[in-house]
Amino acid sequence: MTRPGGGLRRFLTERPPRPERCGLCAAVVDEARHRHLVDIERRSLVCACTACFLLMDQPGADRGRFRAVPGRYLTDPDHRLADAAWDALRIPVGVAFFFRNTVLDRLVALYPSPAGATESELEPEAWASVLDATGLAALLCPDVEALLLRRTAAGISCHLVPIDICYELVGRMRQLWQGFDGGAEARAALDAFFARVESLARPVGGGDRP
């Protein structure tokens, strides 16, 4: 016999959060430490347990639907992109990331906004200026790595980073964004994010390969 109010309590009781699971085998993964795969057909990130990530990270595995996101961070101290070239990108904020999408067969440019990741429609001359300004472009692994650029009063910095941290930044900015310019909390989070990227990045050298 059902006690009065039992059904209502079932809906009012806060449910525990669902654990993060591997998108391939459904094993529970460490929410803070797991790696990611790119589903190139759906243009989305997939959480991966260690075993599935290592399987997808094997030579030849990148011919399939899922691609393992690498963990390398590189910076280009000699990067040179003029303010005029940045203006030609028509990106209304000071951060953007670029990656090669193999399904679309083109470069994709995105930037964080209150609505999430917003795509910028680039003219060939505009994105060519970005690629020509840094040797990191030649090292970029399609679908899984991005060129991350930030424009500040000190200039324009350029890093090669795993694609998943770019979407991490997009999610964080969407969560914190306030007003026209993002607000103080969003700007502080942006500074902290790039400080972490800079601490992980090493200068690009002659031994680096695509």
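In this text the structure is predicted, and so the values were computed from the model without any measurement.

Is there a simple way to think about helix α4 (residues 124–132) in this case?
Side chains of residues three or four places apart in an α-helix project in the same direction, reflecting 3.6 residues per turn. Among the residues making up α4, those that are buried are A126, V130 and L131. In a view along the axis of α4, the buried residues occupy a sector of 135 degrees, so they form one face of it. Across α4 from its buried face, at more than 90 degrees, point the exposed residues E125 and D132. Those residues of α4 that are buried lie in contact with α3 (83–88), β5 (95–101) and β8 (145–152).

Help me understand the sheet that holds strand β2 (residues 44–48), please; the structure alone is not making it clear to me.
Adjacent strands of a sheet form backbone hydrogen bonds with each other and so pair up, either parallel or antiparallel. Taken together, three strands build an open sheet; the order of strands is β2-β1-β3 and the sheet is antiparallel. One side of each edge strand has no neighbouring strand; the edge strands of this open sheet are β2 and β3 (66–68). Each adjacent strand pair in this sheet contributes to an overall mean axis angle of 35 degrees, direction not counted. Looking at chain direction, strand β1 (residues 35–39) and β2 are connected through five bridges and run antiparallel. Considered in β2, the bridge of H36 is made with C47.

Where do I start with the side chain of D164 in this structure?
Mapped onto the elements, D164 comes out in helix α5 (residues 163–176). It is R35 that comes nearest to the buried, bridge-free D164 among opposite-charge side chains, at 5.9 Å. In contact with D164, other than residues within four places in its own chain, are H36, L45 and V69.

How should I be thinking about the sheet that holds strand β4 (residues 74–75) in this particular structure?
Read from one edge to the other, the open sheet built from seven strands follows the order β7-β6-β5-β8-β9-β4-β10, with strand pairing classed as mixed. Among the strands making up the open sheet, the edge pair consists of β7 (116–120) and β10 (202–203). Both β5 and β8 contribute to a ladder of four bridges, which runs antiparallel. The residue bridging F98 from the neighbouring strand is L147, located in β8.

What should I look at first to understand the nonpolar core in this one?
Formed by 54 residues in total, the largest nonpolar core has its most connected members in L81, L89, F97, F98, L147, L148 and L149. The set of elements that each furnish at least two residues to this core consists of α3, β5, β6 (106–113), α4, β8, β9 (155–162), α5 and α6 (184–200). Here the element with the most residues in this core is α5; it accounts for seven residues. Leaving out residues up to four positions away in the same chain, L81 has contacts with W86, S129, V130, A133, L149 and I156.

Even after reading the chapter, I still don't get the packing of α5 against α6, so can you show me in this structure?
Each pair of packed helices gets described by two things: the angle between the helix axes and the distance between those axes. Relative to each other, α5 and α6 sit at 165 degrees, their axes nearing to 9 Å. What the angle tells us is that α5 and α6 run roughly antiparallel. Our pair here, α5 against α6, has a crossing hand that is right-handed. Counted together, I165, E168, L169, R172, M173 and L176 of α5 and E185, A186, A189, L190, F193, F194, R196 and V197 of α6 form the full contact between these two elements.

How should I be thinking about α6 in this particular structure?
The terminal C-alpha atoms of α6 lie 25 Å apart, and with 17 residues this matches the ideal 24 Å at 1.5 Å per residue to within 8%. Along α6, the residues that are buried comprise A186, A189, L190, F193, F194 and V197. The buried residues of α6 occupy an angular sector of 130 degrees when the element is viewed end-on, so they sit on one face. Within α6, the exposed residues directed more than 90 degrees away from the buried face are A184, E185 and S199. Buried residues along α6 sit against β5, β8, β9 and α5.

What counts and what doesn't
- Residues numbered from 1 in each chain as written.
- Predicted model: local features only at pLDDT ≥ 70, side-chain atom pairs only at ≥ 80, totals over all residues.
- Heavy atoms only, no water.
- Buried < 20%, exposed > 50% of the residue type's maximum accessible area, 1.4 Å probe, protein only.
- Helix = DSSP H or I, 4+ residues; strand = E, 2+ residues; numbered from the N terminus.
- Arc of directions from axis to C-beta.
- Contact = heavy atoms within 4.5 Å.
- Pairing = 2+ DSSP bridges.
- Axes fitted to C-alpha atoms, helices over the stretch in contact; angles between N-to-C directions.
- Lys, Arg positive; Asp, Glu negative; His and termini not counted.
- Salt bridge = Lys/Arg side-chain N within 4 Å of Asp/Glu carboxyl O.
- Core = buried A, V, L, I, M, F, W, Y, C linked by side-chain atoms within 4.5 Å.
- Parallel < 35°, antiparallel > 145°, perpendicular 65-115°, else oblique.
- Left-handed = near helix turned anticlockwise from the far one by under 90°.
- Expected span 1.5 Å × (residues − 1).

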